[in-house]
Amino acid sequence: MTETEIAAAPFLDIPDVPNLRDAGAGVYRPGLLYRSATLNRLTDEGLQRFAALGVRTVLDLRSTPEVADWPDRIPDGVDYLHLPLLPDPTTTDRAWPEDQAALYPFMAETGGVAIAAAVRALANGAPLLVHCAVGKDRTGLTVAVLQTLAGLPLEAVTADFLRSNPGLGLDRGPVPYYDAAGVERLSRPVEAAHLHAALTHATTAHGSLDAYLRNHGATEADLATLRTLGPA
């Protein structure tokens, strides 16, 4: 799929779920992999529309305090997996880098278990939605790994990753928000160089992206299955 084709893929109009879109990007069959921001604000109408997507598993990459303050609202029968991609404040005092350039390699270093869980969940062959708080950094890295494993070229992976900027209104600059502690922060646009640094960190530290995922809990069978889930 070309950069133009990815850019033309629509955002899905479900009330109060920003940045929601099919993330298959031509390497996974449509309706198998979705990404979004948090699902805590789903309206009744939105819940019905979300159910119609057929998602069977939601993977929530947020921290425990984020989940406690803003729990997801999901349809009955959908499996919910909560695996923090960044160090969880309830179990460690390891601080998250504030600088985006430092954050991305840090996410690759600390998020292997959560990203490998996304691999295992997708390998089941049931539709999966991955999200974090606003659906751009933690989600962006996880989806980029899934797309790369299925053979999407880096240029196309990057183009899809950067779509979070218009999807969240960040193409006009940083947007203020309040974190789980009530502190006002800025949500910053995603940048290609940051994603590339995270992917490079994962591969150089383990020898390959496959090895990175195997070392964090994915199996050879999981990785092989992902490469068979493309469009018919």
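Everything quoted here is computed from the prediction, not taken from an experiment. (Residues numbered from 1 in each chain as written. Predicted model: local features only at pLDDT ≥ 70, side-chain atom pairs only at ≥ 80, totals over all residues. Heavy atoms only, no water.)

## Some thoughts on the nonpolar core
Put simply, the rule is: Residue types Ala, Val, Leu, Ile, Met, Phe, Trp, Tyr and Cys, when buried and joined through side-chain atoms within 4.5 Å, form a set referred to as a nonpolar core. Type-normalised accessible area, obtained with a 1.4 Å probe on protein chains alone, sets the label of each residue: buried when under 20%, exposed when over 50%, and partly exposed for intermediate values. Secondary structure elements are defined from DSSP: runs of H or I of at least 4 residues count as helices, runs of E of at least 2 residues count as strands, and each element is numbered from the N terminus. Residue contacts follow a heavy-atom distance rule, with two residues in contact if any of their heavy atoms lie within 4.5 Å.
Core analysis: the biggest nonpolar cluster contains 49 residues, and Tyr28, Leu122, Leu141 and Leu213 have the highest contact counts within it. Of all the elements in the fold, those that place two or more residues in this core are helix 4 (100-110), helix 5 (112-123), strand 5 (128-131), helix 6 (138-149), helix 7 (154-162), helix 9 (192-206), helix 10 (209-214) and helix 11 (220-226). Those residues within four positions of Leu122 in sequence are excluded, and the remaining contacts are Tyr28, Leu32, Leu33, Leu128, Leu146, Leu226 and Leu229. With 12 residues, the next largest nonpolar core counts Val17, Phe50, Val58 and Leu129 among its residues.

## Notes on the packing of helix 5 against helix 6
Helix-helix packing is characterised by the crossing angle of the two axes and by the distance between the axes. Quick reminder of the rule: The convention used is that axes are lines fitted to C-alpha atoms, helices contributing only their stretch in contact, and that angles between N-to-C directions extend from 0 to 180 degrees. Should an angle lie under 35 degrees it is considered roughly parallel, over 145 roughly antiparallel, and from 65 to 115 roughly perpendicular; all remaining angles are considered oblique. For any pair of crossing helices, the crossing counts as left-handed if the nearer helix is rotated counterclockwise from the farther one by less than a right angle, and right-handed if it is rotated clockwise. In this classification, Asp, Glu, Lys and Arg are treated as charged, Ala, Val, Leu, Ile, Met, Phe, Trp, Tyr, Cys and Pro as nonpolar, and every other residue, Gly included, as polar.
Running from N to C, helix 5 and helix 6 cross one another at 50 degrees; their axes reach a closest spacing of 10 Å. On the basis of the axis angle, helix 5 is oblique to helix 6. At the point where helix 5 passes helix 6, the crossing takes the right-handed sense. Facing helix 5, whose interface residues are Ile115, Ala118, Val119 and Leu122, helix 6 presents Leu141, Thr142, Val145, Leu146 and Leu149. Of the residues belonging to the contact of helix 5 with helix 6, the class tally is 8 nonpolar, 1 polar and no charged.

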